[in-house]
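Okay, here's what each chain looks like letter by letter:
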Amino acid sequence: MNDLSYALIDNLPKAELHLHIEGTLEPEMMLAMAKRNKVELPYKTVEDVRAAYQFDCLQDFLDLYYLGMSVLLTEKDFYDLTWAYLERVHADRLTHVELFFDPQAHTDRGVAFETVLDGITSALEYAKRELGITSKLIMCFLRHLPEEQAFEALECACKHKDRIFGVGLDSTENGIPPSTFAGVFEAARREGFTPVAHVGEEGTAENVREALDVLKIERVDHGNHALDDPMVTKRLADQQTPLTMCPISNWRLKGIPSLSASPVKRALDAGLLVTVNSDDPSYFGGYLNDNYRAVFKHLGLTETEVIQLAKNSFAGSFLSDGEKQEQLDRIDHQVNTLRGT
Ligand code: HPA
Ligand code: ZN
């Protein structure tokens, strides 16, 4: 029984919908780039880097996340980073990814927007050709910076609508309500970008409600605390608004005391379109399938629920209906093969 569930996790086609490309920077690559780009880091060895990854909250992680990405300077750096992630998750049977990037964290350091975008998208295009992985790119606004700077990022993105699909909102949540970014989200929607936002990670169900009402988001990133409010939960269930939950991230940032407290099972039981994702796998120590295994083991999921999560990953994506159906058929086919039926 268990063995089949693990085989399903290993072999089912899956999409990842909540992944920050800068959060895939492994310590080995970080140190190699620091050396080739002559960037000073407070770490000498891979062990030093890993030892620093002890977090008590989101902000503890964000401080090291921005420090780590300071080694990314050239188009090749962004290409290498993105390609390493895609090659890694190809082994997890990931077939589609909708990935976040944080341009303001780079343009703030003098790296050109196009350097970042060209590096990431050339790796995505290569992965489509070589690995058959499809993708969409979502540009996040950094919530700890003023809205004017988000407008500057949006202006850059408008020149590259062919390569940037959506806009998101990430970084510090506490004390900065979603409505702070109402203007830039309205402008982004008018320009045709699909809006999503990180809400209800450390913040309240009210942040989720406000992001739905004011930012008009089409998907909720994290959204754990939406479940604290029956009205918000019902609304998400009725509208089948997808949630991109990240169990290992939540545990490592002490949003939950243990993996068995992950809200993924409660979200499934409430009829939500919940998905499982890795967020920043290098920092939290788990890629996509590690997150599936974690919820399977700690929440006691059934085989049917594992299959549901894989299906939700496509149902909650921004693929076309035809593309979604193709992936769902591939899942059914793989399930039958594994069950020997
Ligand atoms: N939350 C907020 N900001 C982030 C995250 C996250 O999960 N990952 C990278 N930046
Ligand atoms: Zn995230």
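These lines cover the structure that appears in this document, whether it is placed above or below. Keep in mind the model is a prediction, meaning the values are calculated, not measured.

## Some remarks on the overall build of the protein
Then comes step 1: When helices and strands are tallied, the protein shows 17 helices and 9 strands.
Then comes step 2: Taken over C-alpha atoms, the radius of gyration comes to 19 Å for the protein, in line with the 20 Å a tight globule of 341 residues would show.
Then comes step 3: C-alpha atoms of the protein, sized along the principal axes, occupy 55 × 40 × 40 Å.
Then comes step 4: Counted over contacts in the protein with a minimum sequence separation of 6, partners at least 24 positions apart contribute 76%.
Then comes step 5: Separation between the mean location of the 34 positive side-chain charges and that of the 54 negative ones in the protein comes to 3 Å.

## Examining the coordination of the zinc ion (ligand 2)
Then comes step 1: In the first shell of the zinc ion (ligand 2), the protein supplies His18 (NE2), His20 (NE2), His198 (NE2) and Asp279 (OD), at 2.0 to 2.2 Å from the metal.
Then comes step 2: Written as a sequence motif, the donor residues of the zinc ion (ligand 2) are H-x1-H-x177-H-x80-D.

## Remarks on the site of ligand 1
Then comes step 1: In the neighbourhood of ligand 1, the contacting residues comprise His20, Leu58, Phe61, Leu62, Tyr65, Asp170, Ser171, His198, Glu201, His222, Asp279 and Asp280.
Then comes step 2: One of the side-chain N or O atoms of His20 is found 3.1 Å from a nitrogen atom in ligand 1.
Then comes step 3: Within the complex, the protein chains bury 100% of what would otherwise be the 260 Å² of accessible surface of ligand 1.
Then comes step 4: Here the shell around ligand 1 gets 4 residues from one element, more than from any other, and that element is helix 4 (residues 58–68).
Then comes step 5: Broken down by class, the residue content of the shell around ligand 1 amounts to 4 nonpolar, 4 polar and 4 charged.

## So, the side chain of Asp279
Then comes step 1: Note that Asp279 resides in the loop between strand 9 (273–276) and helix 14 (281–284).
Then comes step 2: We note that Asp279 is buried and unpaired, the nearest opposite charge coming from Arg143 at a distance of 10 Å.
Then comes step 3: A polar atom in the side chain of Asp279 sits 2.8 Å from the side chain of Ser249.
Then comes step 4: Those residues in contact with Asp279 that sit more than four places away from it in its chain are Glu16, His18, Leu19, His20, His198, Glu201, His222, Cys246, Ser249 and Phe284.

## Here's the deal with the environment of Val264
Then comes step 1: Note on placement: Val264 falls in helix 13 (residues 264–269).
Then comes step 2: Under the relative-accessibility criterion, Val264 is labelled buried at 0%.
Then comes step 3: The sequence separation of Val264 and Leu319 amounts to 55 residues, and the corresponding C-alpha distance is 23 Å.
Then comes step 4: Excluding its chain neighbours within four sequence positions, the residues that come into contact with Val264 are Met245, Pro247, Val274, Val276, Val295, Leu299 and Leu309.

## Some details on the packing of helix 2 (residues 27–37) against helix 5 (residues 75–90)
Then comes step 1: For the pair helix 2 and helix 5, interaxial distance at closest approach is 12 Å and the crossing angle is 170 degrees. It follows that helix 2 is roughly antiparallel to helix 5 by the angle criterion. Crossing angle aside, the handedness with which helix 2 passes helix 5 is right-handed. Contacts from Met29, Met33, Arg36 and Asn37 of helix 2 reach helix 5 at Lys76, Asp77, Asp80, Leu81 and Ala84.
Then comes step 2: A class-by-class count of the residues in the contact of helix 2 with helix 5 yields 4 nonpolar, 1 polar and 4 charged.

## Thoughts on the pattern of salt bridges
Then comes step 1: Applying the stated rule across the entire model yields 21 salt bridges.
Then comes step 2: Residue Asp269 pairs with Lys265 through a salt bridge whose shortest N-O separation is 3.2 Å. Placement of both Asp269 and Lys265 in helix 13 is noted, with a separation of 4 residues, approximately one turn of the helix.
Then comes step 3: Given the relative accessible area of 24%, Lys265 is considered partly exposed.
Then comes step 4: Residue Arg339 pairs with Glu303 through a salt bridge whose shortest N-O separation is 3.1 Å. Of this pair, Arg339 sits in helix 17 (residues 321–339) while Glu303 sits in helix 16 (residues 303–315), placing them 36 residues apart in sequence.
Then comes step 5: One continuous salt-bridge network, built from bridges that share partners, spans Arg36, Lys76, Asp77 and Asp80.

## So, the pairing of strand 2 (residues 94–101)
Then comes step 1: Of all 8 residues that make up strand 2, 8 are buried, and the element is covered over most of its length.
Then comes step 2: Two elements, strand 1 (residues 14–20) and strand 2, share 5 bridges in a ladder whose sense is parallel. For His20, the partnering residue across the bridge sits in strand 2 and is Phe100.
Then comes step 3: Inspection of the sheet shows strand 2 paired to strand 3 (residues 134–142) by 6 bridges, in the parallel sense. Across the sheet, Val97 pairs through a bridge with Ser135, a residue of strand 3.

## Notes on unusual backbone geometry
Then comes step 1: The residue Arg93 is not glycine, and still its phi comes out positive at about 65 degrees.
Then comes step 2: Among the structural elements, Arg93 can be located in the loop between helix 5 and strand 2.
Then comes step 3: The phi torsion at His222 lies on the positive side, around 75 degrees, for a residue other than glycine.
Then comes step 4: Within the fold, His222 resides in strand 7 (residues 220–222).
Then comes step 5: Given the relative accessible area of 0%, His222 is considered buried.

## Considerations on the nonpolar core
Then comes step 1: Within the largest apolar cluster, 111 residues are counted, with the highest numbers of intra-cluster contacts made by Phe101 and Phe141.
Then comes step 2: Element by element, the count of residues in this core is highest for helix 7 (residues 113–131), at 8 residues.
Then comes step 3: Sequence-distant contacts of Phe101, that is, excluding residues within four places in its chain, are made with Ile21, Glu22, Phe113, Val116, Leu117, Ile120, Leu137, Ile138, Met139, Cys140 and Ile164.

Definitions and cut-offs
Residues numbered from 1 in each chain as written. Chains lettered and ligands numbered in written order. Predicted model: local features only at pLDDT ≥ 70, side-chain atom pairs only at ≥ 80, totals over all residues. Heavy atoms only, no water. Helix = DSSP H or I, 4+ residues; strand = E, 2+ residues; numbered from the N terminus. Rg over C-alpha atoms; globule rule 2.2 N^0.38 Å. Contact = heavy atoms within 4.5 Å. Lys, Arg positive; Asp, Glu negative; His and termini not counted. Charge placed at Lys NZ, Arg CZ, Asp CG, Glu CD. Donors = N, O, S within 2.8 Å, 3.2 Å for Na, K, Ca; no water. Near = heavy atom within 4 Å. Polar contact = N/O pair within 3.5 Å; in protein donor to acceptor, adjacent residues only side chain to side chain. Areas by Shrake-Rupley, 256 points an atom, 1.4 Å probe, with all protein chains shown as cover. Nonpolar A, V, L, I, M, F, W, Y, C, P; charged D, E, K, R; others polar. Buried < 20%, exposed > 50% of the residue type's maximum accessible area, 1.4 Å probe, protein only. Salt bridge = Lys/Arg side-chain N within 4 Å of Asp/Glu carboxyl O. Axes fitted to C-alpha atoms, helices over the stretch in contact; angles between N-to-C directions. Parallel < 35°, antiparallel > 145°, perpendicular 65-115°, else oblique. Left-handed = near helix turned anticlockwise from the far one by under 90°. Pairing = 2+ DSSP bridges. Core = buried A, V, L, I, M, F, W, Y, C linked by side-chain atoms within 4.5 Å.

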